[in-house]
Amino acid sequence: MEERAKEDALELIRTHLPKYLTPELKDDLFSAVKKNFPLSIDSDLLYQNLKDINIYYQGDGIIDIPFSIFNSANGKFDSTYLSGVIISNTCDILSENKRIEKPIIQFSSIFSLDEYLISLRKSGISEDKILGFIDNLKKNRISSLFYLPKKEIEGKIVIEESFIKFDSNVSLPSTVLEGSSYNKNYKPNGDRIFSFSNYGFYLFLIKLSIHYCRFREGVFRVA
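The numbers attached to residues start from 1 for each chain and follow its sequence in the written order. The predicted nature of this model means local features are confined to residues of pLDDT at least 70 and side-chain atom pairs, given and counted, to a pLDDT of 80 or more, with totals for whole chains, interfaces and linings taken over all residues. Note that water and hydrogens are dropped before the side-chain values are worked out from all heavy atoms of the structure.

Trainee: For the overall build of the chain, give the residues involved together with the corresponding values.
Mentor: Going along the chain from the N terminus, every DSSP run of H or I of four or more residues is numbered as a helix, and every run of E of two or more is numbered as a strand. Helices and strands together make up the secondary structure of the chain, namely seven helices and eight strands. For this measure, only C-alpha atoms enter the radius of gyration; the expected value for a globule follows 2.2 Å times N^0.38, where N is the number of residues. Computed over its C-alpha atoms, the radius of gyration of the chain comes to 19 Å, within 12% of the 17 Å expected for a compact globule of 223 residues. Viewed in the frame of its principal axes, the chain has a C-alpha envelope of about 60 × 55 × 50 Å. If you sum the accessible surface of the chain, you get close to 13,900 Å²; carbon and sulfur atoms cover 52% of it. Throughout, the Shrake-Rupley method with a 1.4 Å probe supplies accessible areas, and for residues the shown protein chains are the sole cover considered.

What follows is the structure in structure tokens.
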């Protein structure tokens, strides 16, 4: 019974693979999904430097994005610069798509796992709960978080072990990514931390959809 359910789930996944992929790439993606889903622990499988660096893509990680954090002590918003990932659709933010007004880009914040664990321990969270959190995070069981493994290039850390927090967001005009404010090259030479591979992007969209669009509200919406 369990094996049948697994096969049904895989068949459903196959029908929802991106239609724009060639048959060969679609087969490669399905093989990766079948073997690894929903894990994102392999940096070689998750990340990929894309050829056209003149475009920012949905799922790109970028350093030093200005976020507004509410300060409950004084009731005001503080500005802080964090790494962020683009959650807006690629075609919605392309500069060549002419519009009446410039589009707004939405970013979700990226947090260092080590720094987050330090804050949990300072808050008095038990080690058992912390270990449980780490296990759930790395298995992508937490709907609002997406695990990002460490990535190195030639011995240099491009991104440390981190996670995307889908409920910590900021909306900024697309002009912030135009001009010379950000270097479009990938780290360590530029300000773009990573782009996702086909598997990474598929998994990212699944987690993003589950966070915002799952049908588990349990409310019958009749007046």
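Trainee: Lay out the environment of Ile 206 in plain terms, naming residues and giving numbers.
Mentor: Inspection of the secondary structure puts Ile 206 in helix H7 (residues 198–213). On a C-alpha basis, the gap between Ile 206 and Gln 106 in space is 17 Å, while along the polypeptide they are 100 residues apart.

Trainee: Explain unusual backbone geometry to me, using residue names and the numbers behind them.
Mentor: Omega for the peptide link from Phe 37 to Pro 38 comes to 5 degrees, which places this bond in the cis form. The topology assignment puts Pro 38 in the loop between helix H2 (23–36) and helix H3 (43–46). Residue Pro 188 is bonded to the preceding Lys 187 through a cis peptide linkage, with omega at 10 degrees. Secondary-structure assignment places Pro 188 in the loop between strand S7 (162–173) and strand S8 (192–194). Although it is not a glycine, Asp 64 sits at a positive phi angle of roughly 55 degrees. Looking at where Asp 64 falls in the secondary structure, it is placed in strand S1 (residues 61–71).

Trainee: Let's hear about the pairing of strand S2 (residues 76–86): which residues, and what values?
Mentor: When DSSP finds two or more bridges between two strands, those strands count as paired. Of the pairings in the sheet, the one linking S1 to S2 comprises nine bridges and is antiparallel in character. Looking across to S2, one finds that Ile 62 is bridged to Gly 84. Turn length for the S1-S2 hairpin, with the two strands adjacent in sequence and antiparallel, is four residues, and the turn residue Gly 75 shows positive phi of about 70 degrees. Where S2 lies against strand S3 (residues 104–112), four bridges are found, and the strand directions are antiparallel.

Trainee: Lay out the side chain of Ser 197 in plain terms, naming residues and giving numbers.
Mentor: Locating Ser 197 in the fold gives a position in the loop between S8 and H7. Here Gly 200 takes part through its backbone nitrogen, which lies 3.1 Å from a polar atom of the side chain of Ser 197. Any N or O atom pair separated by 3.5 Å or less is treated as a polar contact, with the protein-specific requirement of one donor-capable and one acceptor-capable atom, and with residues adjacent in sequence counted only for side-chain atom pairs.

Trainee: Quick one: what's the story with the side chain of Thr 90, residue by residue and with numbers?
Mentor: Checked against the element boundaries, Thr 90 lands in helix H4 (residues 90–93). Each residue gets one of three labels from its accessible area relative to the maximum for its type: buried under 20%, exposed over 50%, partly exposed in between, using a 1.4 Å probe on protein chains only. On the accessibility criterion, Thr 90 (18% relative accessible area) is buried. Reaching out from Thr 90, the side chain makes a polar contact with the backbone nitrogen of Gln 58 at a distance of 2.9 Å.

Trainee: Break down the packing of aromatic side chains for me, with residues and values.
Mentor: Here a ring pair, both rings aromatic, is described through the centre-centre distance and the interplanar angle of the planes. A pair of Phe, Tyr and Trp rings is counted when the ring centres sit within 6.5 Å of each other, with Trp represented by its six-membered ring. The angle between the planes then sorts it: under 30 degrees is stacked, over 60 is edge-to-face, the rest tilted. Enumeration according to the criterion identifies 13 aromatic pairs in this entry. A ring pair is formed by Phe 146 and Phe 196, whose centres lie 5.8 Å apart and whose planes are at 90 degrees; its orientation type is edge-to-face. Pair noted here: Phe 146 is in strand S4 (residues 145–148) and Phe 196 is in the loop between S8 and H7, with a separation of 50 residues, a long-range link. The buried category is assigned to Phe 196, whose relative accessible area is 6%. When the centroid spacing of 5.9 Å and the interplanar angle of 55 degrees are considered together, the rings of Phe 166 and Phe 204 count as tilted. You can see Phe 166 sitting in strand S7 and its partner Phe 204 sitting in helix H7, a full 38 residues away along the chain. Here Phe 166 matches Phe 204 in class, with each residue buried. We call a charge positioned over a ring when the NZ of a Lys or the CZ of an Arg lies within 6 Å of the ring centre and within 35 degrees of the ring normal. The ring of Tyr 186 carries the charged tip of Arg 192 above its face, separated from the ring centre by 5.1 Å.

Trainee: How would you explain the nonpolar core if you had to name every residue and give the values?
Mentor: Phe 146, Leu 148, Ile 164, Phe 194, Phe 196 and Phe 204 are the most contacted members of the largest nonpolar core, which totals 28 residues. Looking at this core, the elements that each hand over two or more residues are H2, S4, strand S6 (156–159), S7, S8 and H7. Residue contributions to this core peak at six residues, all from H7. Any two residues whose heavy atoms approach within 4.5 Å are treated as being in contact. Ignoring sequence-local partners within four residues, the contact set of Phe 194 consists of Tyr 47, Gly 59, Asp 60, Gly 61, Ile 110, Leu 148, Ile 159 and Tyr 186. In this text, buried Ala, Val, Leu, Ile, Met, Phe, Trp, Tyr and Cys residues form a nonpolar core when linked through side-chain atoms within 4.5 Å. If you look at the next biggest cluster of nonpolar residues, it comprises 13 residues, including Tyr 56, Ile 62, Leu 172 and Leu 177.

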